[in-house]
Amino acid sequence: MASTNNEDLFKNIISHAKEYGFIFQSSEIYDGLSAVYDYGQNGAELKKNIRDYWWKAMVQMNENIVGIDASIFMHPTTWKASGHVDAFNDPLVDNKDSKKRYRADVLIEEHVAKIEGKINKEVEKARTRFADGFNEYTFRTTNARVLENQKKIDDINLRFKAALEANDLVEVRQIIIDLEIVCPISGTRNWTDVRQFNLMFSTQVGSVSEESSTIYLRPETAQGIFVNFLNVQKTGRMKIPFGIAQTGKAFRNEIVARQFIFRMREFEQMEMQYFIKPGTEMEWYKYWKETRMKWHRSLGFPESKHRFHDHLKLAHYANAACDIEFEFPFGFKELEGIHSRTDFDLGNHEKFSGKKLQYFDPELDQSYVPYVLETSIGLDRMFLAILSQAYAEEKLEDGSERVVLRIPFFLAPVKCAILPLVKKDGLPEKAREIMNRLRFDHLCQYEEKDSIGKRYRRQDAIGTPFCITIDHQTLEDNTVTIRHRDSMLQERININEIEKILGEKVSMRNALMQISE
RNA sequence: GCGGAAGUAGCUCAUUUGGUAGAGCAUCAGCCUUCCAAGCUGAGGGUGGCCGGUUCGAGCCCGGUCUUCCGCUCCA
């Protein structure tokens, strides 16, 4: 049972998640559906609590951030404007010998880079030869070998661009063959056809197929915010800088979707788009990097578990971008992205919709398209991060073992278990009384079956922070024991103190205070 | 998608040249009443992932298919 390495550990976490009602595979009775998962009774609670914590940290704690809930269906032009129709298509090609898959555009770009390398070598050689009298510009524009290579590059780029624009995949393959590009692994030119993978799911609107039109399930929630920028700004009388937050499902037809709920075809995002004055983006980029990292750190996990990863290669819409990575059992992986999106999105929506999406800045006495700073976190990934960090297999002093989920108290699915020590002598009745008081504020569980030790372990396994046990002494002096999940220690307290203690311990308040410092 | 491994009860696994499926834990009922899992008695639960082939006979051999895990790749 005990995990000896990270691979075992991850497997055990997955089994634990299923065994205790956190995550089930979708449509399991039909053999499941690849890369789609369902949240069970405890998973749904944990997920909701994470979402709530994010929402409160972003919307409730910031006067200038408001939340919306946009639809999953959007006008198809949205995705032309956002660049997803074009940029989310990767032409892929396999080498039949090495069985490795490559992006066709990357193969061609790398080939071009090689030729550029040749040119640079030529330039450097000349520089040493001519010493002081060397003029790089003249050399680059007159040297025969340089010109020849430069023409090669220009020709390739021209041909490749034309092929992409015409969506001519046969031509893309022909380019690879003509350039005699070989697979770095096998060294052969034995390529399959180039295939296109559209990462957006499409469906039909309209009941009759002839009248229907194709629309997409959104691949990101952000566009629902951009198209509502003016609605919210005007009706909320928002002044720049201000933010719009949203949580919701998004869909991507991943070629390879794996690693449990880390990469799913249907997933939930928590995004906030912060609208700012152009030119201030680096300032806000820095601010939100720090602010979002604080949020992650407020969960009390070891500092070494999080790190920033700055993007060198930027997406089509960004001028600066980084990830907050978390060390999952399978390594450091992206949890949240922070992107400076410039005016790319609003600018394009202006272009495609013909509507002005601008903000009048009274200080500057002029209108502009705001710049956007995005924070985008995967809720399911956050769930997995918390689950894998919380999961612990412990060896106790008496030699026995327990599995405990050390979930931060305020995120735990069940906050408190009410346990009569035995199933008679009026203890169940007393326990029910307490349960009926606590249920107004917290999700509690009442359990009377099995030995008390077994019941404690079951609560540990789902991460319940507190167990209230009613024993014979309770009937005499109105006291109970409260047992702490992490230390397994017990205290005897008066029944009237339970609500206060529990209220303080499981409150989100402490964490929120930590991030607003 | 490609390559490798795997799929038998809710979970972990057994059934060894192919002869019509078993254990522990879990679940449920009853007994016991005990502050950190594994006390006693009994019960339910499987068309062996699915489809097909070989065979008198397939959980076991063969083919296909689905799903999961690992590697390649991408992203939240």
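Residues numbered from 1 in each chain as written. Chains lettered and ligands numbered in written order. Predicted model: local features only at pLDDT ≥ 70, side-chain atom pairs only at ≥ 80, totals over all residues. Heavy atoms only, no water.

Undergrad: Any chance you could break down the protein's contact with RNA strand B for me, citing the residues and the numbers?
TA: Neighbouring RNA strand B are 51 residues, the closest being Arg 252, Arg 263, Glu 334, Arg 381 and Gln 490. Residue Arg 381 places a side-chain N or O atom 2.4 Å away from a base oxygen belonging to RNA strand B. Here Arg 458 contributes a side-chain N or O atom positioned 3.4 Å from a phosphate oxygen of RNA strand B. Listing elements by their share of the surface near RNA strand B, those giving two or more residues are helix H1 (6–19), strand E10 (266–276), strand E13 (331–342), strand E16 (371–378), helix H15 (452–462) and strand E22 (479–484). A total of six residues in the surface near RNA strand B trace back to one element, the largest contributor, which is H15. Partitioning the surface near RNA strand B into residue classes produces 17 nonpolar, 13 polar and 21 charged. (Near = heavy atom within 4 Å. Polar contact = N/O pair within 3.5 Å; in protein donor to acceptor, adjacent residues only side chain to side chain. Helix = DSSP H or I, 4+ residues; strand = E, 2+ residues; numbered from the N terminus. Nonpolar A, V, L, I, M, F, W, Y, C, P; charged D, E, K, R; others polar.)

Undergrad: Can you explain the sheet that holds E10? Please cite residues and give values.
TA: A sheet is described by the order of its strands in space; here seven strands give the open sequence E3-E9-E10-E16-E13-E12-E11, paired in mixed fashion. With partners counted over all chains shown, the strands left at the sheet margins are strand E3 (65–67) and strand E11 (306–310), one partner each. Strand after strand, the sheet turns through a mean of 25 degrees between neighbouring axes, direction not considered. Taken strand by strand, helix H13 (residues 379–390) contacts E10, strand E12 (320–328), E13 and E16, and its axis lies near 35 degrees from that of E12. (Pairing = 2+ DSSP bridges. Axes fitted to C-alpha atoms, helices over the stretch in contact; angles between N-to-C directions. Contact = heavy atoms within 4.5 Å.)

Undergrad: An account of H13 is requested, with residue identities and associated values reported.
TA: Spanning twelve residues, H13 covers 16 Å between terminal C-alpha atoms, matching the ideal 16 Å at 1.5 Å per step. Buried residues dominate H13, accounting for twelve of its twelve residues. All buried positions along H13 are accounted for by Leu 379, Asp 380, Arg 381, Met 382, Phe 383, Leu 384, Ala 385, Ile 386, Leu 387, Ser 388, Gln 389 and Ala 390. (Expected span 1.5 Å × (residues − 1). Buried < 20%, exposed > 50% of the residue type's maximum accessible area, 1.4 Å probe, protein only.)

Undergrad: Tell me about the sheet that holds strand E21 (residues 466–470), residues and numbers included.
TA: A sheet is described by the order of its strands in space; here five strands give the open sequence E20-E19-E21-E22-E23, paired in mixed fashion. For this open sheet the edge positions go to strand E20 (444–446) and strand E23 (490–494), each flanked by a neighbour on one side alone. Taking the axes of each pair of neighbouring strands and ignoring which way they run, one obtains an average angle of 25 degrees across the sheet. In the packing of H15 onto the sheet, the strands contacted are strand E19 (416–420), E20, E21, E22 and E23, and the crossing angle to E19 comes to about 170 degrees.

Undergrad: Tell me about the domain arrangement of chain A, residues and numbers included.
TA: One can read the domain layout of chain A as domain 1 (1–69 + 218–395), domain 2 (98–191) and domain 3 (396–516). The straight-line distance from the C-alpha centre of domain 1 to that of domain 3 is 33 Å. With 28 residues of domain 1 at the contact, the number on the domain 3 side is 27 residues. Summed over both sides, the interface between domain 1 and domain 3 buries roughly 2500 Å², with carbon and sulfur atoms accounting for 68% of that surface. Counting every contact that joins domain 1 to domain 3 gives two salt bridges. The tally of links from domain 1 across to domain 3 stands at seven residue pairs in polar contact (both at pLDDT 80 or more). Every element with two or more residues in the side of domain 1 that touches domain 3 is listed here: helix H2 (41–60), helix H11 (281–297), H13 and strand E17 (391–395). Within the side of domain 1 that touches domain 3, the residues separate by chemical class into 16 nonpolar, four polar and eight charged. (Domains from an automatic or database assignment. Buried area = accessible area lost by both parts, 1.4 Å probe. Salt bridge = Lys/Arg side-chain N within 4 Å of Asp/Glu carboxyl O.)

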